[in-house]
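Reading the structure
What follows is the residue order along each chain.
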Amino acid sequence: MKFKIIYLFIVTILCVPMVAQNISGHIMTNDESGNMIGLPGANIVWLNTTNGTVSAEDGSFTLAKTNAAQIYFVVSFVGYQNDTLDARSNTKFHIMLQPSTDLNTVEVEGSASGKVANTTNPINTETLNKKELLKAACCNLSESFETNNTVDAEFSDAITGAKTIKLLGLDGVYSQIMVENMPNVRGLASSYGLTYIPGPWLESIQITKGPGSVVNGYEGITGAINAELKKPFDIDEERALINLYASNSGRYEANVIYKHLFNEKWSTALFAHTSQLQTKLDHNTDGFLDAPLNSTYAVMNKWNYFSGKKHEAQFGVKYVSSDLTGGQLNYDKQMEPGVNNGYGVNVNINRFEAFMKNGFVFTRPNTSIGTIINFASHQQNSLFGLNEYSGNEIYASANFIFETYLKNTNNTIKTGLSYLYNNFDETFQGIDYLREESVPGVFAEYQYKPSDKLSVLVGARADYHNLYGTFLTPRVHFKYNAFKATTFRASIGKGYRTANVFAENTALLTSNRALQISSNLLPEEGWNYGITIIQPFELNHNEGTLTFDVYRTDFVNQIVVDIDASADSIYIYNLKGDSYSNVIQAELNYTVFKNFDLRTAYKFTDAKETYHGELLEVPLTFKHRGLVNLSYNWKRAGVLFDATAQLYGSSRLPDLSENHAAHDIGTSSPAYALYLGQITKQFDKIEVYIGSENIGNYTQHHPIIGATDPFGADFDASVIYAPLMERKFYGGIRIIFN
C-alpha cells in the first residue's frame, strides 16, 4: 500500500515524454509514373524480434508497442530496401520505401556506420553510436570526439586538467550539453563536467549543429550535445559490463555497469566509475606536472518504469567526487599554500544530481503530456597558486510538455511551461560573488510535415529572468529532400545564456595577471544561421555520403575575455562592437570496400571578436582543421582496426609582447598533426583493446610561460594550442555479461 501511495504521488507530480504507445503511419512508394502510392503487404517488425504487422491495402499500418525495449522497427518488402526507424520521439510515420537499386534516403550511411546523419528531422542532428564510441578508448565524454571533426575537445590550460569543447568555432559554453535531454554540463560544472560522464556509460551521442528545439530552453546558441546513457531495460546484448583501462602515463580507470529487469514494468541499472592518475610526469623538465594527479569517483543509479500501456517513468541519482592536484613537482597540498611550498593547483569537487521524468499517452494519436525535473548541487573548493576560489551552486529545473496535433497528424504542436532556478555563491580572493536566478518560461513549437520530403519546425519561447528581464527566443528549421536523395536544411534561431566568469575561465586563474571584471555584465545573446546539404551516393557499388555545412553565429552581446590589452591585467566586459563566427565544413564518408570505411573532413573557421575597439581573430582558435579516419573490420578474425589523423592549422596567439618571458613566442601557433590508432580483438564475451595516442609524439614547446618564476608577474599557463602529454600507449578489456 505504501508503495502504491508513493507511486501515485510520483505519477501525480512528475511526468516525461512517453514511449509507451502504438505507432502508426503509411508505407509508400512511387509507381512507374512517379506518383506516390500506398504499398500493401510490407512487413513492419520491431528490431531483432518477430513481433510486427503488415501494411494494409492503402499502405497504412498500426504497430503495438508493448515494452520499453521496443525502440527501433524495421520496414521491409521484397524488391525494396529495408528501412530501420527510431520510434522514441515519433509515433506517426510516413515512410517511402525505395526499390533495392535506389539509395536509402533515411540512414545516409547505412546501418553499419558508426555515425548516422538524421535526414528525417528538420533539426540538423548526427548520432555517434556504439560502434563509433568504441573506435577509441573514450574514458569520458570529452574524449569521445577524437574521430569527429564537428566537435573539438581541448585542454583549457597547462596545469588544471580542465577541458573544453568547441562547436561551430566557439567555446562549449555556447552549446547546450545535456544528458538524456536534461541540461547537465553548465554553471559551475562547465570546466570539469565533461569528465564526469564516463564513456563506457554512453549508449550514443547526438550532436545538433545550430539552434535546437525551444522545448529544451533558451540556451544553446551554437547547438547541443546530448549524451544518451545505457538503458536499464536493454539487456539483450549487455546485462552487465566490466571495463578496465590502463596507460603508460599512469592513468587507470574502471567501470562497472549492472542492469536488472525485475519484471516487464520495472528495471534498474547501477553505474560505477573511478579514474586514477597518481604518477608524476614532467617530460619537458620545466618543473611542472604534465597532467594533474587525479582521483575521481562517480556512481549512478537509474530506474525505469513502463506500465505497458500509457505511462512511463524514469528517475535516478548520481554522485561525483573528484580531487585534482597539479602544479610544480614539489608542491604539497597538505602544507599551507605559499611561495615556499611551490606553485600548486588543487581542485576538490563534490556534485550530486537527481532527476525524474514521467509521461502519459492519450488515446488520441500523437497526444501526450509529461514533465522533466532535474536537480544538481555542486561544491568546489580550489587553489590556483595563491588564488583561492570556492563555489557552491544549486540548480533546479522543471519542464511541463503537452503534445498533440491540429486538424491532422501532419500538423503537430508542443507547448508547455518551464521553470529554472540557479543559486551561485562564489568567493575569489576573499570577495563574494552571489547571484540568484529565477526564470519562469512558456514555449510553443509547431511542426508541419506533409511528407517525409518536407518538414518545417517553428518555435518560440518567452522567459522572464528576475535579474535581466524578458528573453524572447524564436527558432525556425526547414528541411526538404530535393531530387532523389538530397537533403537540404536551413535554420535560424536565437539563444541566451548568463556567464559564470570564474568557473568558465579556469585557465585565467592560473595566470598571475589581475582580473579586471566589469560590474554590469549582461546576459550573452546571439543569433545562429545555418545551411546543410547531405548527398548520399554510390561508387563502385559501395555507398558514401557527402555533407556540406555553412554556419554563422552573430552576437548581440557577449562577455569578452580580453587577454590582449595588457600584460598586467585580463579585462572582462560586455561586447562593444562585432563578434561572430563563420564555419564551413565538408565531410566525406565512404565504404572503400567491404568492411573498410573512410571518413575525411575539413573545417574552416573564421571567428572574430572586438577587443578594446579592435576586431581581431579569437585567440587559440584553429582556422583550419582536418581529419582522416580509417576503419577496417576483419570479421573472420574478430579484429577491428582504427586509425585517425587530426590536422591542426595555425591559430592566433594572444599579444604577449609585453610579457618578458614570452617575447619570442610569436603571433601564431604552428600547424601540426596528431595520429592515434587502436586495435580491438573480439572474443565471445570479451573484448581486448590496445592503442596509442599522439603517436608522432608532438607536444607544445614550453607551454607554461615563466615556469621558472611561478609567482612572478610573467607567469601564465593559459596559452595552450597543442598536447602537453607525450606519446601514450594504453590497453584495456571489456567483459560483457548477458
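Residues numbered from 1 in each chain as written. Predicted model: local features only at pLDDT ≥ 70, side-chain atom pairs only at ≥ 80, totals over all residues. Heavy atoms only, no water.

**Some remarks on the overall build of the chain**
Broken down by element type, the chain carries two helices and 43 strands. In terms of overall dimensions, the chain is globule-like: its C-alpha atoms have a radius of gyration of 26 Å, near the 27 Å expected for 738 residues. Expressed along its principal axes, the backbone C-alpha trace of the chain runs to roughly 85 × 55 × 55 Å. The burial tally for the chain puts 58% of its 738 residues in the buried class. When contacts within the chain are restricted to residue pairs at least 6 apart in sequence, long-range pairs at least 24 apart make up 64% of them. (Helix = DSSP H or I, 4+ residues; strand = E, 2+ residues; numbered from the N terminus. Rg over C-alpha atoms; globule rule 2.2 N^0.38 Å. Buried < 20%, exposed > 50% of the residue type's maximum accessible area, 1.4 Å probe, protein only. Contact = heavy atoms within 4.5 Å.)

**Here's the deal with the nonpolar core**
Counting residues in hydrophobic clusters, the biggest one holds 58 residues, and the most contacted among them are Leu141, Phe145, Ile159, Leu202, Ile205, Tyr389 and Ile704. Considering every element that reaches this core, the biggest residue donor is strand β23 (residues 344-361), with four residues. Once residues lying within four places of it in the same chain are set aside, the contact partners of isoleucine 704 are Ala158, Ile159, Asp286, Phe288, Phe715, Asp716 and Ala717. Grouped together as the second largest cluster of nonpolar side chains are 15 residues, Ile27, Leu39, Trp46 and Phe73 included. (Core = buried A, V, L, I, M, F, W, Y, C linked by side-chain atoms within 4.5 Å.)

**A short note on the sheet that holds strand β31 (residues 514-517)**
Reading across the sheet, the three strands line up as β31-β35-β34 and stay open at both edges, with mixed pairing between neighbours. Bordering the open sheet on either side are β31 and β34 (559-562), each of which pairs with just one other strand. Between one strand axis and the next, the sheet turns by 15° as a mean value, whatever way the strands run. Where β34 and strand β35 (residues 569-574) come together, four bridges link them in antiparallel fashion. Looking at β35, one finds that valine 561 is bridged to isoleucine 572. (Pairing = 2+ DSSP bridges. Axes fitted to C-alpha atoms, helices over the stretch in contact; angles between N-to-C directions.)

**Considering the pattern of salt bridges**
If you walk through the whole model with that rule in mind, you get 29 salt bridges. We note a salt bridge from lysine 131 to aspartate 597, for which the minimum N-O separation is 3.7 Å. A residue pair is termed long-range when its members are at least 10 positions apart, and lysine 131 in helix α2 (residues 130-133) and aspartate 597 in strand β37 (residues 596-611) qualify at 466 residues. For lysine 131, a relative accessible area of 39% puts it in the partly exposed group. Relative accessible area serves as the criterion here: at 23%, aspartate 597 is assigned to the partly exposed category. Ionic contacts of the salt-bridge type, sharing partners, join the residues Glu132, Lys135, Glu587 and Arg599 into one network. (Salt bridge = Lys/Arg side-chain N within 4 Å of Asp/Glu carboxyl O.)

**Looking at the pairing of strand β18 (residues 240-247)**
Two elements, β18 and strand β19 (residues 251-261), share seven bridges in a ladder whose sense is antiparallel. Along β19, the bridge assignment pairs isoleucine 242 with valine 256. Between the antiparallel neighbours β18 and β19 lie three residues, among them glycine 250 with a positive phi of about 95°. Sheet topology places β18 next to strand β43 (residues 728-737); eight bridges connect them, and they run antiparallel.

**Focus on the sheet that holds strand β9 (residues 115-117)**
Strand order in the open sheet formed by six strands is β9-β10-β16-β17-β14-β15, with mixed pairing between adjacent strands. The open sheet terminates on both sides in strands that have one partner only, identified here as β9 and β15 (182-183). In this structure, β9 lies alongside strand β10 (residues 125-128), joined through three bridges in antiparallel fashion. Following the sheet pairing, valine 116 is matched in β10 by threonine 127.

**Some words on unusual backbone geometry**
Look at leucine 168: it is not a glycine, yet its phi comes out positive at around 55°. If you trace the backbone, leucine 168 turns up in the loop between β12 (163-167) and β13 (170-171). The phi angle at asparagine 694 is positive, at roughly 55°, despite the residue not being glycine. For asparagine 694, the position within the fold is in the loop between β42 (686-693) and β43.

**Things to note about the confidence of the model for the chain**
Per-residue confidence for the chain averages 88 on the pLDDT scale, and 93% of its residues sit at or above 70. For residues 1-20, every residue scores under 50 in pLDDT, and the model assigns this stretch 48 contacts once sequence neighbours within four places are set aside. Note that pLDDT drops below 50 for residues 101-111; the model gives that stretch 33 contacts with residues more than four away or on any other chain. (pLDDT = per-residue confidence, 0-100.)

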